[in-house]
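Chain by chain, the residues run as shown.
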Amino acid sequence: MEDICRSSLFYTDQGLCYAEILSPSEARIQVAVLNFIKILNSPDPAISDLTLISRRSSNSRFRRGLLSDISSIFLSHSFCTRSLMKTKEAKAFVRVWEVMEQCLQLLVQEKKATQRELFYKLLCDSPDYFNSQAQVNRTVQDVVALLRCCRHSLGIIASSRGAMIGRLIIQEPNQEIVDCSALGPSGYVISGDLSLLKELVFQSDARYIILVEKDAVFQRLAEDRIYNQIPSILLTAKGYPDMATRFLLHQMSRCFPDLPILALVDWNPAGLAILCTYKYGSTGMGLEAYKYACNVRWLGLHGDDLELVHESSFIPLKQRDLQIAKSLQSSEVLQQEYKAQLTKMVESGRRAEIEALYCHGFDFLAKYVIKKIVQNDYI
C-alpha cells in the first residue's frame, strides 16, 4: 500500500485525503503532464495510468471532533485508476486530460468558469467524450482526486443558488458595505466565486444562524422579518447545499463561533440528508467533502411537531424517500437522536413539509421558529 500511495502525484502520509485550497495555479497540471511525458520517454516507455483517490463510499471515513463539536466525513487512502489500456476506462482516461486542458487554458488566461460553462465548451470541443453534465461533474472530481487541489484552484467556480438575509453587515472586496437587514425578501445573493467569498468581512449582532431548506420558506421568514424579532441571520441554498453556500456558512461559523447554527428542514429523509450535508459533508463532494463541515443543530420539523400538521397535509413516502432513508440508516455519521427520528419517518410511511404549518396562518411559521429557539427545542 505504501508503494501505491507514493505512486500518486502528490503524496501525503496522513490518513485524511483532501483537496488543498491553492491560489489558482497551473503548476500541478504541468507536473502531471511532465510526469506523463517522462514515462513515455523512459527506456521502458508506457502510457501510465492515472492514480486517483477513490470516491467510493467504502473509502469514506468519519472523524469525530475532539476539541470541538464539529465532526466530518472524509476520504482515506484507497486508490483507483483511469487507464487508456482498459476498454471500460479508456474514455474516462481521455476525459481527465480534456478537462485538465480546459482548466489550464482558464488559468493561463486568468479566467474562471462554472461546471455548466465547462460542459458546453467540452460538448463543442470533444463531443465524442462528453455528452452530459454528469460526465463533466464526475471528471472534474477525478481531476481534483488526481491533483489534490480544489476546483477553485483549477479555475472552476461553483454555481451558487444561495442567499442570506438578516442581522449581518457585509463589507465586500470593492469596499461596498451591504446591510442584509435592509434587503428585500430575496436577500443577498451568494457568489459562486470562493475567492470573493473568502474576502468578505462580516459584522453582526445576531444570536443565531438559521439554515432554511427551501427558498419559499426563506422568503416567508424574510418577509416577516423574523431576524428582528429574534436577532438572527437566515441562509438558504434552495435545496441541497452547493459548495459556495457551504463555504460561506463555514466562514461565518469561524467568524462567529458562539452562534448556534439551526436547520429548518422538511420532516422527510431528504430534509435530514440536507442537514447532514451541512453538518458532516458528503462523499459526493470528493476530496472537498470535509472542509466546510459545521456544527448544525436540527431545529425542525421534528416528530414531536407533527401534532401541528393537519392530517390532510401528510404525504406518503415515495421509493426515493426510502432509498435516502436506507442510505442514512447505514451511515455511521448519523447520531442516535437523528436515527430515532428517521426510524419514526419510515415506520409512519409518510412525510410532512414545512409549509404544512400554514394551516395555522401564514404568520404561524415565524412564531413556531421563535418558540422553538427560545425553548432550546433543537437536537
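In case you missed it, the structure is sitting above this.
Residues numbered from 1 in each chain as written. Predicted model: local features only at pLDDT ≥ 70, side-chain atom pairs only at ≥ 80, totals over all residues. Heavy atoms only, no water.

Caption draft 1: Quick look at the overall build of the protein. A tally of helices and strands in the protein yields 13 helices and 17 strands. Considering only residue pairs separated by 6 or more positions, the protein has 75% of its internal contacts joining residues 24 or more positions apart. Of the roughly 18,000 Å² that the protein leaves accessible, carbon and sulfur atoms contribute 50%. (Helix = DSSP H or I, 4+ residues; strand = E, 2+ residues; numbered from the N terminus. Contact = heavy atoms within 4.5 Å. Areas by Shrake-Rupley, 256 points an atom, 1.4 Å probe, with all protein chains shown as cover.)

Caption draft 2: Focus on the sheet that holds strand 8 (residues 169–171). Read from one edge to the other, the open sheet built from 3 strands follows the order 9-8-11, with strand pairing classed as antiparallel. Taken across any chain shown, the strands that pair with only one partner, and hence form the sheet edges, are strand 9 (177–179) and strand 11 (201–203). Within the sheet, the average angular offset between the axes of one strand and its neighbour, ignoring direction, is 20°. Examined bridge by bridge, strand 8 and strand 11 share 3 bridges and lie antiparallel to one another. Its bridge partner being in strand 11, Ile170 is matched across the sheet by Phe202. (Pairing = 2+ DSSP bridges. Axes fitted to C-alpha atoms, helices over the stretch in contact; angles between N-to-C directions.)

Caption draft 3: Geometry of helix 10 (residues 269–280). The end-to-end C-alpha distance of helix 10, which contains 12 residues, comes to 16 Å, matching closely the 16 Å that a straight helix rising 1.5 Å per residue would cover. Of all 12 residues making up helix 10, 12 are buried, and the element is well covered by its neighbours. Buried within helix 10 we find Pro269, Ala270, Gly271, Leu272, Ala273, Ile274, Leu275, Cys276, Thr277, Tyr278, Lys279 and Tyr280. Just beyond helix 10, the residue with positive phi is Gly281, at close to 90°. (Expected span 1.5 Å × (residues − 1). Buried < 20%, exposed > 50% of the residue type's maximum accessible area, 1.4 Å probe, protein only.)

Caption draft 4: Expanded view of the packing of helix 3 (residues 90–108) against helix 4 (residues 115–125). Two elements in contact, helix 3 and helix 4, have axes separated by 11 Å at closest approach and are oriented at 115°. Two packed elements cross with a definite hand, and for helix 3 against helix 4 that hand is right-handed. Counting all contacts with helix 3, which are made through Glu98, Val99 and Gln102, the residues of helix 4 involved are Leu118, Lys121, Leu122 and Asp125. Residue classes in the contact of helix 3 with helix 4 are distributed as 3 nonpolar, 1 polar and 3 charged. (Left-handed = near helix turned anticlockwise from the far one by under 90°. Nonpolar A, V, L, I, M, F, W, Y, C, P; charged D, E, K, R; others polar.)

Caption draft 5: How the structure looks around the pairing of strand 7 (residues 163–166). Burial along strand 7 is two-sided: Ala163 and Ile165 facing one way and Met164 and Gly166 facing the other are all buried. Alignment of strand 7 against strand 10 (residues 188–189), held across 2 bridges, turns out to be antiparallel. By the bridge assignment for strand 10, Ala163 is matched with Val189. Where strand 7 lies against strand 13 (residues 232–236), 4 bridges are found, and the strand directions are antiparallel. Following the sheet pairing, Ile165 is matched in strand 13 by Leu234.

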